[in-house]
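One-letter residues, chain by chain:
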Number of protein chains: 2
Amino acid sequence: MPILYHLPFDPFSRKVRIILAEKQFEAELVTEQPWLKRQEFLHINPAGEVPVLHEPGKLALSPSQVIAEYLEETLTKVPLLPSHPAARAEIRRLCAWFDRKFHEEVTSRLVGEKLSRHLTGRTEPDSARIRTGYTNIDLHLSYINLLAEERNWLGGNQFSLADISAAAHLSCLDYLGDVPWHDHLDAKNWYSRVKSRPSFQSLLRDVIPGQRPPPHYADIDF
Amino acid sequence: MPILYHLPFDPFSRKVRIILAEKQFEAELVTEQPWLKRQEFLHINPAGEVPVLHEPGKLALSPSQVIAEYLEETLTKVPLLPSHPAARAEIRRLCAWFDRKFHEEVTSRLVGEKLSRHLTGRTEPDSARIRTGYTNIDLHLSYINLLAEERNWLGGNQFSLADISAAAHLSCLDYLGDVPWHDHLDAKNWYSRVKSRPSFQSLLRDVIPGQRPPPHYADIDF
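These numbers come from a predicted model, not from an experiment. (Residues numbered from 1 in each chain as written. Chains lettered and ligands numbered in written order. Predicted model: local features only at pLDDT ≥ 70, side-chain atom pairs only at ≥ 80, totals over all residues. Heavy atoms only, no water.)

1. A closer look at the sheet that holds strand S2 (residues 28-31) of chain B
Residues and elements named next belong to chain B.
Then step 1. Taken together, 4 strands build an open sheet; the order of strands is S2-S1-S3-S4 and the sheet is mixed. The two strands at the open ends of the sheet, each matched to only one other strand, are S2 and strand S4 (60-61).
Then step 2. One ladder, built from 3 bridges, connects strand S1 (residues 3-6) with strand S3 (residues 52-54); its direction is antiparallel. Within S3, the residue paired with Tyr 5 across the bridge is Val 52. (Pairing = 2+ DSSP bridges. Helix = DSSP H or I, 4+ residues; strand = E, 2+ residues; numbered from the N terminus.)

Right, dumping it as structure tokens:
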């Protein structure tokens, strides 16, 4: 069985877990702590990052968007990209937005710092980065709100990789109680719809020992 | 005619220029200084970054890899990705490697700091970042050398988006004379083959006023 090397609260790993569940593709989850620089893991992925989808003796796929494109091309029964090139480009633009811009401006500052022990092996959070993360999340939620107001799903009419990329990040932030949902109701309703999908349920069961999520975290009708 | 908003020494803009030339797709080049935060430009691309490929009244494509995938899907005559999903994934992995890891560890530290006035509007380079950039480029060139030794092109048998992504970054660094080619001969020979392609020639004619490139920069048989 293929192996997904992952970290439970890494948004990129969560993105791939949701895609695998949507496409009903089974893989064994193996937790990898990349900061330990395990030689066998570096051999599989010289970039030294999770997630990696590995079929031993065959493929080693990474990073998350490359895994997404591969699964899209090989498991076509549940499409997560539409067929028209322009519509595909808009969804890929949003994937890049969340994986790069949102990650740099929000997730890495809040989740990355607060869970640094769980995500990077470091122990000292940087409080200045956390402060800017709080300012930035508000701006980003306004953008998500705007997209959710105008469209059925973030990337267009259909549930797609754009929703998955965004929700993967937000689910990590939501575990920390860091998402000001009450100021962004369209974004909240959109997230509630994503969260209620069967593909999301295993994520909501992950826990960090000694750190409980807020009561609404796993509540679908929050 | 479609417009490519770009910066001459931005590696991501260069990547798209090479792709457009390979696919013989004409676009008007318009220099955009993203740090000026021009409202019309932010309206086209809310991320506020170059490159953007814009067909007025129609599409606005960004960032560079999304433009690449779109052009790959719509202009199929000159393919820059192979047909097998696993081979495509390997090339996309390398695109992500250069666009993210190489950019973060090398290009942003050397080109980004030294040409900061041309790329970000800032004037003060950060010398500590420049120092780590020099350490990192050596490690990355060893990796390119390894790939060039084992394969005809970086991503496999065919010239592909992997070669274009890598060469776009290296061409900016090479203008500054920052690439220690002599220690990495397979990498040098590979780059020489990329540089001699017709699609590369317009890049080699770009100049920064008051800053000349080393003599080998535009010399194909360097």
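Back to the text.
2. Quick notes on empty space enclosed by the protein
Then step 1. Summed over the entire model, instances satisfying the criterion amount to 1 cavity of 30 Å³ or more.
Then step 2. Every residue along the wall of the largest cavity is listed here: Asn 45, Ala 47, Glu 49, Pro 51, Ser 62 and Pro 63 of chain A together with Arg 93, Ala 96, Trp 97, Arg 100 and Lys 101 of chain B.
Then step 3. Looking at the lining of the largest cavity residue by residue, the classes come out as 5 nonpolar, 2 polar and 4 charged. (1 Å grid on protein atoms, 1.4 Å probe; cavity = no way out; pocket = protein on both sides within 12 Å on 5 of 7 lines; lining within 4 Å. Points joined across faces, edges and corners; volume = space filled by probe spheres on them. Nonpolar A, V, L, I, M, F, W, Y, C, P; charged D, E, K, R; others polar.)

3. Structural notes on the relation of the copies chain B and chain A
Then step 1. Once chain B is rotated about the relating axis by 180° and shifted along it by 0.0 Å, it coincides with chain A to within an RMSD of 0.0 Å. On this basis, the relationship between the two copies can be described by a two-fold rotation axis. Residue Arg 100 of chain B, judged by its C-alpha, is the member of chain B lying nearest the rotation axis, at 4.6 Å.
Then step 2. A shared interface surface links the copies, since 100% of the contact residues of chain B are contact residues in chain A too. (Least-squares fit on C-alpha atoms with pLDDT ≥ 70 in both. Contact = heavy atoms within 4.5 Å.)

4. Brief notes about the layout of surface pockets
Remark: the empty space left among the atoms is shown by a probe the size of a water molecule rolled over them.
Then step 1. In this structure, the second largest pocket occupies an estimated 490 Å³ of space.
Then step 2. Taken together, 21 residues line the second largest pocket, and the ones lying closest to its centre are Pro 46 of chain A together with Arg 93, Trp 97, Tyr 143 and Leu 146 of chain B.
Then step 3. Within the residue set of the lining of the second largest pocket, elements represented by two or more residues are helix H2 (39-44) and strand S4 (60-61) of chain A together with helix H4 (85-114) and helix H6 (127-150) of chain B.
Then step 4. Residue classes in the lining of the second largest pocket are distributed as 12 nonpolar, 3 polar and 6 charged.

5. Structural notes on the pairing of S2 of chain B
Residue and element names in this part refer to chain B.
Then step 1. Of the pairings in the sheet, the one linking S1 to S2 comprises 4 bridges and is parallel in character. Considered in S2, the bridge of Leu 4 is made with Leu 29.
Then step 2. Once the chain exits S1 it traverses helix H1 (residues 11-22) before rejoining the sheet at S2, and the crossover so formed is right-handed. (Right-handed = clockwise from strand over helix to strand, strands pointing away.)

6. Details of unusual backbone geometry
Then step 1. Following Ser 62 of chain A, the chain continues into Pro 63 of chain A via a peptide bond in cis, with omega recorded as -15°.
Then step 2. Within the fold, Pro 63 of chain A resides in the loop between S4 and helix H3 (64-74).
Then step 3. The linkage connecting Val 50 of chain B with the following residue, Pro 51 of chain B, adopts the cis geometry, with an omega of 0°.
Then step 4. Checked against the element boundaries, Pro 51 of chain B lands in the loop between helix H2 (39-44) and S3.
Then step 5. One non-glycine residue, Lys 37 of chain A, adopts positive backbone phi at about 50°.
Then step 6. Relative to the assigned elements, Lys 37 of chain A resides in the loop between strand S2 (28-31) and H2.

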